[in-house]
Amino acid sequence: MNKFLTLLSTVIFASVICITESSFAKGKPLEKQYDATQVVKNVYVIHGPLELPNVANQGFMNNPAFILTEKGVVVVDPGGSLQIGEMLLAAIKKVSAMPIIAVFNTHVHGDHWLANQAILEQYPNVPIYGHPNMIEQVDNGAGKQWVDLMLRSTDGATEGTQYVNANKSATHGSKYTFGSTVIETIYLDSAHTNTDLMFYLPNQAVIFLGDNAGYGRILRNDGGSFSGNIAALNYALESGANVYVPGHGMTGGKEAASEYRDYLSLILEEVKKGYEDDLSDFEIKPLLSPSMDRWKDWSGFEQEFGKHLSQIFLEIEAEDF
Ligand SMILES: [Zn+2]
């Protein structure tokens, strides 16, 4: 009996050590230096790599951004890991000593928001805004799934990252004022996902598109709507913005939204025609492929084009019934 108790306490002790060790394990800081680009006065974007999360990019693949206001710094999409958030905090310190006063998350995909953790560790009371659908999905499993996905795809580089959900709901038509900076939130309906907020800054004529657009990168559509995605980009293009910040790829003028809109529209129109002619998605693909030259060198095109075509086919079929 004594022997058994000794064994049992050894096992318990060993597992306590294991748990303690794993909760303190932390991946290394980002190895590569990424600079923040001022896209208009007081609005900065760190343009992340275009590839999917991998060992080399340590999970960094989105466009974290920050806005300097008279009241403090506002962050949009801090990134996909604790380490990326720490890189962003260091980049902000280089240009401002002001505190972070708000964080806005564009949508549920963790490559955009898992770095909320880094911001909250330094600013425990900071409001983090996200769409109610995002908040619900993160709580119901998406948060944990994204932590695991980033860990797996980076071979543990994001270790130490825990999901910290948005703590304030934002929907269509909300307005947030920080000194002379106004941020308007736009949510029309399902687009890239069913959680996508866009942020429009009327005084700077800048719009953050989230993953409703990639520029130089084709994005996975995940439970969203292609016609909704096109509608969201058309709305953005009519917003009055001069500067468009996509979820992935370089910031630009209208082309940073319209190229992706055109990609989706062309597939949608051609699939509609094919559907009316009783063609299957497999028969439409070779007819459409030669028209896709504008996008064929974009990152993700090979993986996503065929999938998008089939998803759009199903969307048209569903609307028909
Ligand atoms: Zn996304």
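Whatever comes next refers back to the structure up there.
A short tour of the structure in this document, coming up.

Describing the coordination of the zinc ion
- Those protein atoms acting as donors to the zinc ion are H107 (NE2), H109 (ND1), H192 (NE2) and D211 (OD), and they sit at 2.1 to 2.3 Å.
- Viewed at the metal, the four donor atoms of the zinc ion are separated by angles of 87 to 166°, and the geometry they form is irregular.
- Under the relative-accessibility criterion, D211 is labelled buried at 3%.

Examining helix 9 (residues 301-320)
- When the terminal C-alpha atoms of helix 9 are compared, their 28 Å separation across 20 residues agrees well with the 28 Å that a helix rising 1.5 Å per residue should span.
- All buried positions along helix 9 are accounted for by F301, E304, F305, H308, L309, I312, F313, E315 and I316.

Overview of the sheet that holds strand 4 (residues 72-76)
- In space, the seven strands of this open sheet follow the order 1-2-3-4-5-6-7, with mixed pairing throughout. Bordering the open sheet on either side are strand 1 (37-40) and strand 7 (168-169), each of which pairs with just one other strand.
- With two bridges connecting them, strand 5 (residues 100-104) and strand 6 (residues 128-130) associate as parallel partners. Each residue of the ladder has a partner; that of F104, found in strand 6, is Y129.

Description of a negative patch on the surface
- A surface patch of like charges, here negative, comprises E276, D277, D278, E319 and D320.
- Along the polypeptide, D277 turns up in the loop between helix 7 (255-276) and helix 8 (281-288).
- Classification of D277 as exposed rests on a relative accessible area of 57%.

Digging into the packing of aromatic side chains
- The full count for this structure, using the stated rule, is 12 aromatic pairs.
- Ring centres 4.7 Å apart and planes at 75° place the aromatic pair Y34 and F60 in the edge-to-face group. In this pair, Y34 sits in the loop between helix 1 (2-24) and strand 1 while F60 sits in the loop between strand 2 (43-45) and strand 3 (65-69), placing the two residues 26 residues apart along the sequence.
- Geometrically, the ring pair formed by F104 and Y129 is stacked, given 4.8 Å between the ring centres and 20° between the ring planes. Remark: Y129 occurs in strand 6 and F104 occurs in strand 5; sequence separation between them is 25 residues. Y129 matches F104 in its accessibility class, with the two residues each being buried.
- What links up through ring pairs into an aromatic cluster is the set F104, Y129, Y176, F178 and F199.

About the criteria used
Residues numbered from 1 in each chain as written. Predicted model: local features only at pLDDT ≥ 70, side-chain atom pairs only at ≥ 80, totals over all residues. Heavy atoms only, no water. Donors = N, O, S within 2.8 Å, 3.2 Å for Na, K, Ca; no water. Tetrahedral: all angles 85-135°; square planar, octahedral: opposite > 155°, others 65-115°. Buried < 20%, exposed > 50% of the residue type's maximum accessible area, 1.4 Å probe, protein only. Helix = DSSP H or I, 4+ residues; strand = E, 2+ residues; numbered from the N terminus. Expected span 1.5 Å × (residues − 1). Pairing = 2+ DSSP bridges. Patch = residues over 30% accessible without salt bridge, like charges linked within 9 Å, V, L, I, M, F, W, Y side chains within 5 Å. Areas by Shrake-Rupley, 256 points an atom, 1.4 Å probe, with all protein chains shown as cover. Salt bridge = Lys/Arg side-chain N within 4 Å of Asp/Glu carboxyl O. Lys, Arg positive; Asp, Glu negative; His and termini not counted. Charge placed at Lys NZ, Arg CZ, Asp CG, Glu CD. Phe/Tyr/Trp six-rings, centres within 6.5 Å; stacked < 30°, edge-to-face > 60°.

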